[in-house]
Amino acid sequence: MKASRQENARTMLDPGDVRLSRSLFAQETPVVARALLGRDVVHRLPSGACLRGRIVETEAYHGQDDTASHARFGRTGRSALMFGPPGHAYVYLIYGMYEMLNVTANPEDFPGAVLIRALEPLEGIEHMLERRGSRMNLLTNGPGRLCRAMEIDRSLNGIDLVRSDVVWLERGVEVSDAHVAVSPRVGIGYADPIHRDLNWRFSVRGNRWVSK
DNA sequence: TCATTGATACACT
DNA sequence: GTGTATCAATGAC
């Protein structure tokens with residue numbers, strides 16, 4: 001709570017206005033993915049220090065029929081969170097090594113999640129560099145990299161981003177349509193062509209932190 | 001270019 | 001229960 005007050009003072013916004021609300025996440029996944037551009041991911045560490053990154057690239061995984069989505073097998077142990085209430089963190093391991101941060105979307109029982117693919121580091125950058133042992137330009141421009149930099153792992157799976165004092169999302173800045181680029185999603189060659197070709201990847205045009 | 005790494009889902013006993 | 005194919009990626013060459 002103390003950290004929240006500090007954040008509010010820093011951004012000079014009313015407490016109720018800073019965080020993203022449940023209703024934003026309850027929209028259709030591609031709408032949420034677009035709306036999350038320019039928003040800030042904040043992780044308050046046990047030490048009290050905050051890591052902060054601005055979202056510059058997202059992907060939408062929408063519905064059980066989406067053959068690129070973890071929800072394509074229905075409600076399983078892993079994908080259950082995608083069927084749960086919106087605004088929660090879905091963190092999973094891929095390739096045995098890398099954690100991926102997603103935000104659940106859609107009303108309960110309709111599966112959807114937004115994969116956070118790239119962040120622009122804003123706060124706690126020295127801490128991130130120390131942790132990553134990596135060059136600045138490779139800090140957060142990829143879904144696995146940003147999780148390592150932000151210290152986000154599976155222990156945070158299922159956390160309510162609307163209410164948590166550990167990890168949450170803030171309003172950040174508005175990104176106009178003119179600054180949004182859309183393209184097909186990355187790394188889903190196994191999916192049906194119908195879904196492979198959907199323009200469900202959203203990024204901030206020209207931002208240096210976008211992956212690839 | 002290619003090795004890494006382990007959870008997941010599914011098809012079998 | 002056990003076996004195995006697959007994967008929303010990364011970094012060292």
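Source: prediction; values computed, not measured.

A.B. asks: Give me the pattern of salt bridges: which residues, what numbers.
C.D. replies: Enumeration according to the criterion identifies 15 salt bridges in this entry. Where E151 meets R131, a salt bridge forms, and the shortest distance between an N and an O atom there is 4.0 Å. Placement of E151 in the loop between helix 7 (143-149) and strand 6 (167-170) and of R131 in helix 6 (residues 125-132) is noted, with a sequence separation of 20 residues between them. For E151, a relative accessible area of 23% corresponds to the partly exposed category. Exposure remark for R131: the relative accessible area of 41% places this residue in the partly exposed category. The structure contains a network of salt bridges with shared partners spanning D40, R52, R54, E123 and E170.

A.B. asks: Go over the nonpolar core with me, naming the residues and quoting the values.
C.D. replies: Ranked by size, the top nonpolar core spans 43 residues in total, and within it F25, L36, V41, I116 and L169 carry the most contacts. With near-sequence residues (within four places) excluded, L36 lies in contact with L20, L24, F25, I55, T58, V103, V114, I116 and L169. By size, the runner-up hydrophobic cluster in this structure holds twelve residues, among which are Y90, M100, I188 and A191.

A.B. asks: Which residues make up the confidence of the model for chain A, and what are the values?
C.D. replies: On average, residues of chain A carry a pLDDT of 91, and 92% of them reach 70 or more. Confidence over residues 1-13 falls short of pLDDT 50; this stretch has 18 contacts with residues more than four positions distant or in other chains.

A.B. asks: Lay out the pairing of strand 2 (residues 50-62) in plain terms, naming residues and giving numbers.
C.D. replies: Burial analysis of strand 2 places twelve of its 13 residues in the buried class, the great majority of the element. Relative to strand 2, strand 1 (residues 40-44) runs antiparallel, the two being bridged by five bridges. Within the sheet, the bridge partner assigned to V42 lies in strand 2 and is R52. The hairpin turn running from strand 1 into strand 2, its antiparallel successor, is five residues long, and G48 in that turn takes a positive phi close to 100°. Here strand 2 runs beside strand 5 (residues 112-123); their pairing, made up of ten bridges, is antiparallel.

Each value, and the rule that gives it
- Residues numbered from 1 in each chain as written.
- Chains lettered and ligands numbered in written order.
- Predicted model: local features only at pLDDT ≥ 70, side-chain atom pairs only at ≥ 80, totals over all residues.
- Heavy atoms only, no water.
- Salt bridge = Lys/Arg side-chain N within 4 Å of Asp/Glu carboxyl O.
- Helix = DSSP H or I, 4+ residues; strand = E, 2+ residues; numbered from the N terminus.
- Buried < 20%, exposed > 50% of the residue type's maximum accessible area, 1.4 Å probe, protein only.
- Core = buried A, V, L, I, M, F, W, Y, C linked by side-chain atoms within 4.5 Å.
- Contact = heavy atoms within 4.5 Å.
- pLDDT = per-residue confidence, 0-100.
- Pairing = 2+ DSSP bridges.

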